[in-house]
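Spelled out from the first residue to the last, the chains are:
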2 protein chains.
Amino acid sequence: MKLTDISGDINEWFSGSGPLADVVISSRIRLARNLAGHKFLSRCSASERSAILKELRDVLMPLELGDKIFYISVDKAPVLDRSFLVERYLISRHHAEGRGPRGVVIAQREFFTAMINEEDHLRIQVLKAGLQLSQCAEQMNHIDDAIEQKVDYAFSPRYGYLTACPTNLGTGIRVSVMLHLPALKMTDQIEKFFNAARDMNLAVRGLFGEGTEAAGDFYQISNQATLGVSEADIISQFENAIIPDIAEYEKAARTLLLSKQLDVLDDKISRAMALLGNAHLISSQEALFLLSHLRMGINMHEYMGASTPAIKRLCTQSQQDDDTDKTGGVSIATINRLFMLTLPAHLQLNYGKPLDPTHRDILRAKIIRSELASG
Amino acid sequence: MKLTDISGDINEWFSGSGPLADVVISSRIRLARNLAGHKFLSRCSASERSAILKELRDVLMPLELGDKIFYISVDKAPVLDRSFLVERYLISRHHAEGRGPRGVVIAQREFFTAMINEEDHLRIQVLKAGLQLSQCAEQMNHIDDAIEQKVDYAFSPRYGYLTACPTNLGTGIRVSVMLHLPALKMTDQIEKFFNAARDMNLAVRGLFGEGTEAAGDFYQISNQATLGVSEADIISQFENAIIPDIAEYEKAARTLLLSKQLDVLDDKISRAMALLGNAHLISSQEALFLLSHLRMGINMHEYMGASTPAIKRLCTQSQQDDDTDKTGGVSIATINRLFMLTLPAHLQLNYGKPLDPTHRDILRAKIIRSELASG
């Protein structure tokens, strides 16, 4: 399989479906595991790393996941391919920029990926659209069991699964939920969300962004402690309390915009439509923020029946000036496609060769104009 | 005369006509004078200020200027009226915010205004569209002579005309030219312009802006020294060297945009059109910057025959979606009207009552959308 087989479209977990899909983009569970009988990676020679890579690859590739599985040799992949894998959350930035023999096993529909020789020997993640942490956990347990039948994990009766970094000790589980919180931002309440998350010892990061800056009002929230807390407790807390609460706050903020700040709301949506439909140069960062506003508008229309002048124009009218008979409006599928396809590595991979930043900005603007014009 | 007689339209010096009108908005000459036999204002009692005000008003009102002349009692005018006079460059901010008896004599077409009891007893200014400093000087000399026949100015054979601030000593003349330099900004060359101006001991300020920040790429450039330099020399230097040179640099930057940075140019113009035509909330500052880009586009079309896709759309196509048969495009007159009419005090004076900032932003956006839609 080539990356261009998947780079032209969105993946399953970014499809905009699943429970609470108007606020929750996706759910992710990640396990960190190390093989017994091998040193942690920081102390491994290149040949030891190769041995670990081979052993795990041989175990992972035959897994029955109900999907095609393929392997990418990360250390041999071109920079652009590695950036693409990072943009798609198939590998971490750390894995992309690491050293030595390493690779990733990926299910073609992208609900499953296993990084070999990242920080730990093995990091498996399961991703699903919307709030589906229990379903992620269930699938993860099957996969984890299947692997454990064939390898010995490093495990201590006292500490649980042993990991390179002590913060992952214990269950070795990290639970993350990707959220879209544009209304909390627009109503100046996003700081409250950050503070509440900090108080609960949760980590908040931006999605698609470099580092911790949120891009396009997308945030990734995850647990920090893994020692002394059961896997089931972490998942249940996220799925039944933390995430539904945040989603309620975001929806309350959307209601506030509709009831009290209609001008602010319509201004943001109208500007986003106007800029996306007319810009000739657009950065990835700006595109994410503008698409974020359209995504919120469409979701407010679909989930809350909102029909302000700007939302109505966005959701029901053709965006093409030269084809006034056409009806339709912009679909959430188009917005999701644009989110992914205009990320820098996606853009270049689909174009067929590397482009300098200015030419990326030109191409990005062109793709967006054309996709929005055709709904 | 009421202010609303003039607040609904642009004034003569902002008509976009005159020599070098694609770069030079207007020319202004200002004289500072004080009456012999009176103290400087900082040492005057309220009754002395009243005496000066009455004496000068009686001399100024009968002046024959070929236009209606009216008087506004600045100390008694409402705050909104004073802000309007500042926005229109009929009085200074210092005069608006001052204390004690003071007023302004204005020619209805606004080419002439005389502030009484600003920093000096009398400050006269003559304003004309485009680069017309000699014409300003000629008119100023007639007016100055006519006044001097009726009053005694404080004059020293050694220092020339005496002024409250030593920087105005000598000729008491200040020469200012208002420039529109969007392409120097867009091509990152505006700093060079600032540095060159500083080296020539010229002051650069923003136009329509609070303080020194340029708003909408408009800059006001003026001489700083008035002692030991002849009036004729200052004017000739501005009119024959400094301003034509700056205009050449700006035009070279426009040529550069057209030849090498077409995407940047079309991006700026397309974005400005899209935002002005679609925003529901817009600040005065943002409106100035966006209108500035349209002004440049129209001038590039009219003076340089430029016809990029965005400029063509701006200058020749109707901006109304629902009336595709109409041809026309946006005229420079419309842009100039919008520059003036969307300034905060203009907006409120024409609306008939004060508005809070959010409602100003809503009204401003509405006026702009409507004016642009009708060309």
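Since the structure is predicted, the reported quantities are computational estimates derived from the model, not experimental observations.

**Brief notes about the pattern of salt bridges**
Line of reasoning, step 1. If you walk through the whole model with that rule in mind, you get 34 salt bridges over all chains.
Line of reasoning, step 2. One network of salt bridges, with partners in common, ties together Glu118(A), Glu119(A), Asp120(A) and Arg123(A).

**As for the relation of the copies chain A and chain B**
Line of reasoning, step 1. For the match of chain A to chain B, the screw axis carries a shift of 0.1 Å, the RMSD comes to 0.0 Å, and the turn is 180°. A rotation of that kind, with that shift, is consistent with a two-fold axis. Relative to the rotation axis, the C-alpha of Ala274(A) is the closest in chain A, positioned 2.5 Å from it.
Line of reasoning, step 2. Same-surface contact between copies: 100% of interface residues of chain A are shared with the interface of chain B.

**Describing the domain arrangement of chain A**
Residue and element names in this part refer to chain A.
Line of reasoning, step 1. On domain assignment, one finds that chain A holds domain 1 (3–253) and domain 2 (262–374).
Line of reasoning, step 2. Measuring from the centre of the C-alpha atoms in domain 1 to the corresponding centre in domain 2 gives 28 Å.
Line of reasoning, step 3. Across the domain 1 to domain 2 interface the summed buried area is about 2500 Å²; carbon plus sulfur atoms make up 68%.
Line of reasoning, step 4. Among the residues domain 1 hides against domain 2, the three largest losses belong to Leu80, Glu87 and Met186. Together they make up 24% of the total.
Line of reasoning, step 5. Connecting domain 1 to domain 2 are one salt bridge.
Line of reasoning, step 6. Asp9 serves as the salt-bridge partner of Arg337, at 3.5 Å between the closest nitrogen and oxygen.
Line of reasoning, step 7. For the interface between domain 1 and domain 2, the tally reads 10 residue pairs in polar contact (both at pLDDT 80 or more).
Line of reasoning, step 8. Every element with two or more residues in the side of domain 1 that touches domain 2 is listed here: α1 (4–7), α3 (79–87) and α6 (182–186).

**So, the packing of aromatic side chains**
Line of reasoning, step 1. In this structure the tally under the stated criterion is 18 aromatic pairs over all chains.
Line of reasoning, step 2. Consider the rings of Phe218(A) and Phe339(A), whose centres lie 4.9 Å apart with planes at 85°: the pair is edge-to-face. With Phe218(A) in strand β10 (residues 218–223) and Phe339(A) in helix α12 (residues 332–341), this pair connects stretches of sequence that are 121 residues apart. Both residues of the pair, Phe218(A) and Phe339(A), belong to the buried class.
Line of reasoning, step 3. Judged by centre distance (6.0 Å) and plane angle (80°), the ring pair of Trp13(B) and Tyr89(B) falls under edge-to-face.

**Describing helix α14 (residues 357–373) of chain B**
Line of reasoning, step 1. With 17 residues, α14(B) should reach 24 Å at 1.5 Å per residue; the first-to-last C-alpha distance of 24 Å fits that figure.
Line of reasoning, step 2. Where α14(B) is concerned, the buried positions are Arg360(B), Ile362(B), Leu363(B), Arg364(B), Ala365(B), Ile368(B), Glu371(B) and Leu372(B).
Line of reasoning, step 3. If you follow the buried residues of α14(B), they end up packed against α9 (262–278) of chain A together with α9 (262–278), α10 (284–304), α12 (332–341) and α13 (344–351) of chain B.
Line of reasoning, step 4. Put simply, Asp356(B) is the residue that caps the front of α14(B), since its side-chain oxygen is 3.1 Å from the backbone nitrogen of Thr358(B).

**With respect to the pairing of strand β2 (residues 69–72) of chain B**
Residue and element names in this part refer to chain B.
Line of reasoning, step 1. Of the two faces of β2, both are covered, the one formed by Ile69 and Tyr71 as well as the one formed by Phe70 and Ile72.
Line of reasoning, step 2. Relative to strand β3 (residues 103–107), β2 runs antiparallel, the two sharing four bridges. Its bridge partner lying in β3, Phe70 is registered against Ile106.

**Digging into the confidence of the model for chain A**
All names here are of chain A.
Line of reasoning, step 1. With 94% of its residues at a pLDDT of 70 or more, chain A has an overall mean of 90.
Line of reasoning, step 2. Every residue in residues 322–326 is under pLDDT 50, and counting partners more than four places away or in other chains gives six contacts.
Line of reasoning, step 3. The complex prediction reports pTM at 0.86, with the ipTM value standing at 0.82.

**So, the interface of chain A and chain B**
Line of reasoning, step 1. Contact residues are listed per partner, giving 17 residues for chain A and 17 residues for chain B.
Line of reasoning, step 2. Here chain A is connected to chain B by two salt bridges.
Line of reasoning, step 3. As a salt-bridge pair, Arg271(B) and Glu286(A) come within 2.7 Å of each other at their nearest N and O atoms.
Line of reasoning, step 4. At the boundary of chain A and chain B, one finds 12 residue pairs in polar contact (both at pLDDT 80 or more).
Line of reasoning, step 5. The element that contributes the greatest number of residues to the side of chain A that touches chain B is α9(A), accounting for nine residues.
Line of reasoning, step 6. Residues of the side of chain A that touches chain B, tallied by class, amount to seven nonpolar, three polar and seven charged.

**Remarks on the sheet that holds strand β9 (residues 202–206) of chain A**
Residues and elements named next belong to chain A.
Line of reasoning, step 1. Overall, antiparallel pairing links the eight strands, which are arranged β2-β3-β4-β5-β1-β8-β10-β9 in an open sheet. Two strands lie at the open edges of the sheet, namely β2 (69–73) and β9, each paired on one side alone. On average, adjacent strands in this sheet sit at an angle of 20° to one another, irrespective of strand direction.
Line of reasoning, step 2. In this sheet, β10 lies alongside β9 in antiparallel orientation, the contact comprising five bridges. Its bridge partner lying in β10, Val204 is registered against Ile221.
Line of reasoning, step 3. Packing against the sheet, helix α10 (residues 284–304) makes contact with β1 (24–33), β8 (173–180) and β10, and its axis sits at approximately 80° to β8.

**What about helix α7 (residues 190–199) of chain A?**
All names here are of chain A.
Line of reasoning, step 1. Looking only at α7, the buried set comprises Ile190, Phe193 and Ala197. Taken around the axis of α7, the buried residues stretch over an arc of 55°, which confines them to a single face. Of the exposed residues in α7, those oriented more than 90 degrees away from the buried face are Lys192, Arg198 and Asp199.
Line of reasoning, step 2. On its buried face, α7 is in contact with β8, α6, β9, β10 and α8 (231–260).
Line of reasoning, step 3. Positive phi appears at Asn201, one or two residues downstream of α7, with a value of about 60°.

**Focus: the environment of Asn168(B)**
Residues and elements named next belong to chain B.
Line of reasoning, step 1. If you trace the backbone, Asn168 turns up in the loop between β7 (160–161) and β8 (173–180).
Line of reasoning, step 2. Residue Asn168 is classed as buried on the basis of its relative accessible area, which comes to 3%.
Line of reasoning, step 3. Asn168 sits 135 residues away from Arg33 along the chain, and the two C-alpha atoms are 9.4 Å apart.

**Considerations on the side chain of Ser27(A)**
Residue and element names in this part refer to chain A.
Line of reasoning, step 1. On the secondary structure map, Ser27 appears in strand β1.
Line of reasoning, step 2. Taking the relative accessible area as the measure of exposure, Ser27 reaches 0% and is therefore buried.
Line of reasoning, step 3. In terms of polar contacts, Ser27 uses its side chain to reach the backbone carbonyl oxygen of Gly130, at 2.6 Å.
Line of reasoning, step 4. Engagement of the side chain of Ser27 in a polar contact is seen with the backbone nitrogen of Gln132, the distance being 2.9 Å.
Line of reasoning, step 5. Excluding residues that lie within four positions of it along the chain, Ser27 makes contacts with Val126, Leu127, Lys128, Gly130, Leu131, Gln132, Leu133, Cys136 and Ser176.

**Examining the sheet that holds strand β5 (residues 122–129) of chain B**
Think of a sheet as strands paired side by side through backbone hydrogen bonds, with each pair either parallel or antiparallel.
Residues and elements named next belong to chain B.
Line of reasoning, step 1. Here we have eight strands laid out as an open sheet, ordered β2-β3-β4-β5-β1-β8-β10-β9, and antiparallel in their pairing. The open sheet has two edge strands with one neighbour each: β2 and β9 (202–206). Across the sheet, the mean angle separating the axes of adjacent strands is 20° when strand polarity is ignored.
Line of reasoning, step 2. Its contacts with the sheet put helix α5 (residues 133–148) on β1 (24–33), β4 (112–116), β5 and β8, and the angle it makes with β5 is roughly 150°.

**Considerations on the environment of Tyr161(B)**
All names here are of chain B.
Line of reasoning, step 1. By secondary structure assignment, the location of Tyr161 is in strand β7.
Line of reasoning, step 2. Considered as a pair, Tyr161 and Ile173 are 12 residues apart in the sequence and their alpha carbons are 9.6 Å apart.
Line of reasoning, step 3. Setting aside residues up to four positions removed in sequence, Tyr161 forms contacts with Arg33, Glu148, Tyr153, Ala154, Phe155, Leu169, Gly170 and Thr171.
Line of reasoning, step 4. Side-chain polar atoms of Tyr161 contact the side chain of Glu148, separated by 3.4 Å.

Parameters and conventions
- Residues numbered from 1 in each chain as written.
- Chains lettered and ligands numbered in written order.
- Predicted model: local features only at pLDDT ≥ 70, side-chain atom pairs only at ≥ 80, totals over all residues.
- Heavy atoms only, no water.
- Salt bridge = Lys/Arg side-chain N within 4 Å of Asp/Glu carboxyl O.
- Least-squares fit on C-alpha atoms with pLDDT ≥ 70 in both.
- Contact = heavy atoms within 4.5 Å.
- Domains from an automatic or database assignment.
- Buried area = accessible area lost by both parts, 1.4 Å probe.
- Polar contact = N/O pair within 3.5 Å; in protein donor to acceptor, adjacent residues only side chain to side chain.
- Helix = DSSP H or I, 4+ residues; strand = E, 2+ residues; numbered from the N terminus.
- Phe/Tyr/Trp six-rings, centres within 6.5 Å; stacked < 30°, edge-to-face > 60°.
- Buried < 20%, exposed > 50% of the residue type's maximum accessible area, 1.4 Å probe, protein only.
- Expected span 1.5 Å × (residues − 1).
- Pairing = 2+ DSSP bridges.
- pLDDT = per-residue confidence, 0-100.
- Nonpolar A, V, L, I, M, F, W, Y, C, P; charged D, E, K, R; others polar.
- Axes fitted to C-alpha atoms, helices over the stretch in contact; angles between N-to-C directions.
- Arc of directions from axis to C-beta.

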